[in-house]
Amino acid sequence: MNRPQLIQEIISGGFEQYDQAGLIDYQSLNRWIRIELQRFGSNIMVGNETTLTVTNGKTKLPENFWKLDLALKVYLTKLQGEGDEQDFLQSRLYYKERTEVEYEWTNNLDDDIGFHKMVDFKCTTEDVYFPNYQIRKYYGNGQYLRLTKGFNKDKVSKDCNNLSRKFTNSCEHQINIMGDYINTNFEEGYIYIQYSGLETDQEGELVIPECNHDRISEYLINYCRLRILKDIYYGDDDVNMVNKLNLLSQDTRDSLILAQRDAEWHGAQGWKNAMKKKKAERMSKFEYMLPQK
């Protein structure tokens, strides 16, 4: 189950009337679900990776971000695409990047396999889709980023590679995580990150962990329904509504206890070792992006 499907569950069961009356704030619903999922911590987190664009010295973290495992400053080395070339040539992306990278157009993205054999560095790729064309962006020449003094330790894993002075002591470029953003000491560029975070599906929607007894989704439904009623009836002295709120409050507390137990069971089933193995595999994959000393 993903977040939109969970929201449909929340709205059903008597809450349709509030939705039809326009009394449910979907932006708040999405935020409540994300925040409450993070409550369960490492027991439900998985390994993720992405490349972020820095503009005016900062970049927004992915919504599912929890803790940083690795951050590299990387450089865009090539653009390759297929589809409507004229739309691509007129895009802001192309005009911003064309003087910095090699540009190539092809009708077959599989041709990029030979590209790796013709260069002396390795890279990671990112596919970007637009209505009339798609491009593949190549990043390479990775450099470690140093965390500034006073960085938010809650946002960085204890095993984060960027904590090692061996790798970062002489690094020119620095980062700091503040709220939902990474701040940098360089104005423009790209950052490749590996991080622990909430699981997402192919569409980028948050996935609700099923665990053993599916208690987390039950808790989220109760919690969000309680928040909806509180927002609608705050200050209302209707006795029936007060009783409904009290009952839902108790259900929410009880379901939270069961959800926490379910998450702990989920975290104890060996998935952590599997995630560490996956992280090691991902790290070795990109180690050769770094300059060899």
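Note: the structure precedes this text.
Owing to the predicted nature of the structure, the values given are computational and were not obtained by experimental measurement. (Residues numbered from 1 in each chain as written. Predicted model: local features only at pLDDT ≥ 70, side-chain atom pairs only at ≥ 80, totals over all residues. Heavy atoms only, no water.)

**Remarks on the pairing of strand β10 (residues 189–197)**
Okay, step 1: With 9 of 9 residues buried, β10 is to be regarded as a mostly interior element.
Okay, step 2: Burial along β10 is two-sided: the face carrying Gly189, Ile191, Ile193, Tyr195 and Gly197 and the face carrying Tyr190, Tyr192, Gln194 and Ser196 are both buried.
Okay, step 3: Looking at chain direction, strand β1 (residues 46–54) and β10 are connected through 9 bridges and run antiparallel. Within β10, the position partnered with Val46 by the bridge is Gly197. (Buried < 20%, exposed > 50% of the residue type's maximum accessible area, 1.4 Å probe, protein only. Helix = DSSP H or I, 4+ residues; strand = E, 2+ residues; numbered from the N terminus. Pairing = 2+ DSSP bridges.)

**Concerning the packing of helix α3 (residues 26–38) against helix α7 (residues 215–233)**
Okay, step 1: Across the interface, α3 lies against α7 with an axial gap of 10 Å and an inter-helix angle of 135°. When the axes of α3 and α7 are compared, the pair comes out oblique. Helix-helix and strand crossings are classified by hand; for α3 and α7 the assignment is right-handed. Residues Leu29, Trp32, Ile33, Glu36 and Leu37 of α3 form the contact with α7, whose own contacting residues are Ile216, Tyr219, Leu220, Tyr223, Cys224, Arg227, Ile228 and Asp231.
Okay, step 2: Within the contact of α3 with α7, the residues separate by chemical class into 10 nonpolar, no polar and 3 charged. (Axes fitted to C-alpha atoms, helices over the stretch in contact; angles between N-to-C directions. Parallel < 35°, antiparallel > 145°, perpendicular 65-115°, else oblique. Left-handed = near helix turned anticlockwise from the far one by under 90°. Contact = heavy atoms within 4.5 Å. Nonpolar A, V, L, I, M, F, W, Y, C, P; charged D, E, K, R; others polar.)

**Observations regarding the nonpolar core**
Okay, step 1: Of all hydrophobic cores here, the largest spans 32 residues; its most connected members are Ile10, Leu29, Ile33, Leu37, Phe40, Ile216 and Leu220.
Okay, step 2: Counting only elements with at least two residues in this core, the list comes to α1 (3–11), α3, α7 and α8 (239–267).
Okay, step 3: If you tally residues by element for this core, the top one is α7, at 9 residues.
Okay, step 4: Excluding residues within four positions of it along the chain, Ile10 makes contact with Phe15, Leu29, Ile33, Leu220, Ile221, Cys224, Arg225 and Ile228.
Okay, step 5: Residues Leu72, Phe88, Leu89 and Val128 belong to the second largest nonpolar core, which totals 19 residues. (Core = buried A, V, L, I, M, F, W, Y, C linked by side-chain atoms within 4.5 Å.)

**Looking at the sheet that holds strand β8 (residues 174–178)**
Okay, step 1: Pairing within the open sheet is mixed, and its 4 strands lie in the order β2-β9-β8-β7. In the strand order of this sheet, the two ends are held by β2 (58–60) and β7 (146–147), each with one partner.
Okay, step 2: Across 4 bridges, β8 lies against strand β9 (residues 181–184) in antiparallel orientation. Paired with Ile177 across the strands is Ile182, a residue of β9.

**Re the packing of α1 against α3**
Okay, step 1: At their nearest, the axes of α1 and α3 sit 11 Å apart, and the two run at 115° to each other. With respect to α3, the element α1 is oriented roughly perpendicular. Between α1 and α3 lies a crossing of right-handed hand. Between α1 and α3, the contacting residues are Arg3, Leu6, Ile7, Ile10 and Ile11 on the first element and Tyr26, Leu29, Asn30, Ile33 and Arg34 on the second.
Okay, step 2: Its residues assigned to classes, the contact of α1 with α3 shows 7 nonpolar, 1 polar and 2 charged.

**Digging into the environment of Asn176**
Okay, step 1: By secondary structure assignment, the location of Asn176 is in strand β8.
Okay, step 2: Given a relative accessible area of 15%, Asn176 falls into the buried group.
Okay, step 3: The sequence separation of Asn176 and Lys149 amounts to 27 residues, and the corresponding C-alpha distance is 8.4 Å.
Okay, step 4: Other than its neighbours up to four places away in sequence, Asn176 contacts Thr148, Phe151, Asn152, Tyr181, Ile182 and Asn183.

**Brief notes about the packing of aromatic side chains**
Okay, step 1: The final tally for this structure, using the stated rule, is 7 aromatic pairs.
Okay, step 2: Seen in terms of ring centroids, Phe65 and Tyr195 are 5.4 Å apart; in terms of plane orientation they differ by 35°. Their pairing is tilted. A residue pair is termed long-range when its members are at least 10 positions apart, and Phe65 in strand β3 (residues 65–83) and Tyr195 in strand β10 qualify at 130 residues.
Okay, step 3: These aromatic residues form a ring-pair network of at least three members: Phe40, Tyr219 and Tyr223.
Okay, step 4: For the cation-ring pair, Lys67 lies above Trp66, with the distance from its terminal atom to the ring centre recorded as 4.9 Å.
Okay, step 5: Across from the ring centre of Tyr138, 5.9 Å away, lies the NZ or CZ of Lys78, which sits over that ring. (Phe/Tyr/Trp six-rings, centres within 6.5 Å; stacked < 30°, edge-to-face > 60°. Lys NZ or Arg CZ within 6 Å of the ring centre and 35° of its normal.)

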